[in-house]
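Each chain, letter by letter, is given below.
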Amino acid sequence: MERLAVIGDPVGHSLSPLIHMTWIDTLGLEASYESIRVPEGQTASALDDFLREGFRGLNVTLPHKQAVLDKVARRSEAVDAIGAANTLTHLGDEGWRADNTDAPGLIMALARMGLKDLSGKTVLILGAGGAARAALFALDRAGADIFLLNRTVDKAAAVLAACCERPHQHGPLDDLTRHADSADLIINTTSAGHGGAVIELPAGNGRLFYDISYGAPAAAQLSHAREQGWETEDGLAMLVCQAAESFAIWFDGTRPDLEAAITVCRDYMEAGE
Ligand code: ATR
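Please read all numbers here as calculations on a predicted model, not as lab measurements.

In this section: the layout of surface pockets. By volume, the largest pocket is sized at about 1,600 Å³. Listing elements by their share of the lining of the largest pocket, those giving two or more residues are β3 (57–60), α5 (130–141), α9 (236–250) and α10 (258–272). If one sorts the elements of the lining of the largest pocket by residue count, α5 sits on top with five residues. Split into classes, the residues belonging to the lining of the largest pocket amount to 21 nonpolar, 21 polar and six charged. Both domains that furnish three or more residues to the lining of the largest pocket are identified here as domain 1 (2–100 + 242–272) and domain 2 (104–234).

Structure, rendered in structure tokens:
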């Protein structure tokens, strides 16, 4: 029996158990996936406990995405550049390996929207916090030209330097309307929607506005984007895609059914409304 879990605090709202158990059941695997609350400050001791208990892998959410890095034996290039991990894999005697599947998860989610080749595309990224870092890493490596807009401009420059290999542009979020014309798509990584704020958008003319949030925090922003003529997509598919990348790491490259998990999550969220 392979034991898997998502750790965080809070973690009760996480859709990860639903997504992974859907795949485990469908594929008939001998595995379990739990959600386990680990309070801030207890990351290191919890990781030791999970190793002892023989867990195969963990997904990591707030507030542990950076703290786990102090306890891992190996980490991917993405983890180094992004400065955070969302997937840990038990390597046997060596301990944990850290990966970041948010980055490939975003690329998969954009491909699902028909954006299969991002090379030379101009992407406006809104926000320069923790959630932006995986998006910047992924889009930089995918060959996109990035314009990073953030309320606090200094943060944008620092985050670009940390996460990207190629040069990109940045500026204040207030300049969104000025730069939107040249964008092939916009990706919103800000937490504005969690505070009830909506970032005002100019006309979209059918281009994609991708919000990495989903559910209630994304609803007002996506509705405004649609009113302005943007094609919209929320972050649920990205959540499922990063889960699929983690699943493939733990189960020898097995590629689970994305659409089945997206449908299960949407049904679950609708039932809870
Ligand atoms: P996360 O890990 O979700 O990215 P974070 O690291 O706190 O959270 O970053 C939140 C991001 O959303 C930041 O880019 C923040 O802008 P600042 O760097 O200027 O703080 C942005 N953000 C939050 N609320 C916002 C709002 N009401 N309008 C615009 N940007 C907002």
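On we go from here.
This part covers the packing of helix α4 (residues 102–112) against α5. Interhelical geometry of α4 versus α5 gives an angle of 65° and a closest axis separation of 8 Å. Considering how the two elements wind past one another, α4 and α5 form a crossing that is right-handed. Where α4 approaches α5, its residues Asp 102, Ala 103, Leu 106, Ile 107 and Leu 110 are matched on the opposing element by Ala 134, Ala 135, Phe 137, Ala 138 and Leu 139. In the contact of α4 with α5, the residues fall into nine nonpolar, no polar and one charged.

Once that is clear, we can look at the sheet that holds strand β12 (residues 231–233). Reading across from one edge, β9-β8-β7-β10-β11-β12 is the order of the six strands in this open sheet, with parallel pairing throughout. Either end of the sheet is taken by a strand with one partner, and the two such strands are β9 (169–172) and β12. On average, each strand axis in the sheet is tilted by 20° relative to the strand beside it, whichever way the strands run. Direction of pairing for strand β7 (residues 122–126) relative to strand β10 (residues 185–188): parallel, over a ladder of four bridges. Opposite Ile 125, over in β10, you have Ile 187 as the bridge partner.

Reading the values: rules and limits
Residues numbered from 1 in each chain as written. Predicted model: local features only at pLDDT ≥ 70, side-chain atom pairs only at ≥ 80, totals over all residues. Heavy atoms only, no water. 1 Å grid on protein atoms, 1.4 Å probe; cavity = no way out; pocket = protein on both sides within 12 Å on 5 of 7 lines; lining within 4 Å. Points joined across faces, edges and corners; volume = space filled by probe spheres on them. Helix = DSSP H or I, 4+ residues; strand = E, 2+ residues; numbered from the N terminus. Nonpolar A, V, L, I, M, F, W, Y, C, P; charged D, E, K, R; others polar. Domains from an automatic or database assignment. Axes fitted to C-alpha atoms, helices over the stretch in contact; angles between N-to-C directions. Left-handed = near helix turned anticlockwise from the far one by under 90°. Contact = heavy atoms within 4.5 Å. Pairing = 2+ DSSP bridges.

All quantities given are derived from atomic positions and should not be read as evidence of function.
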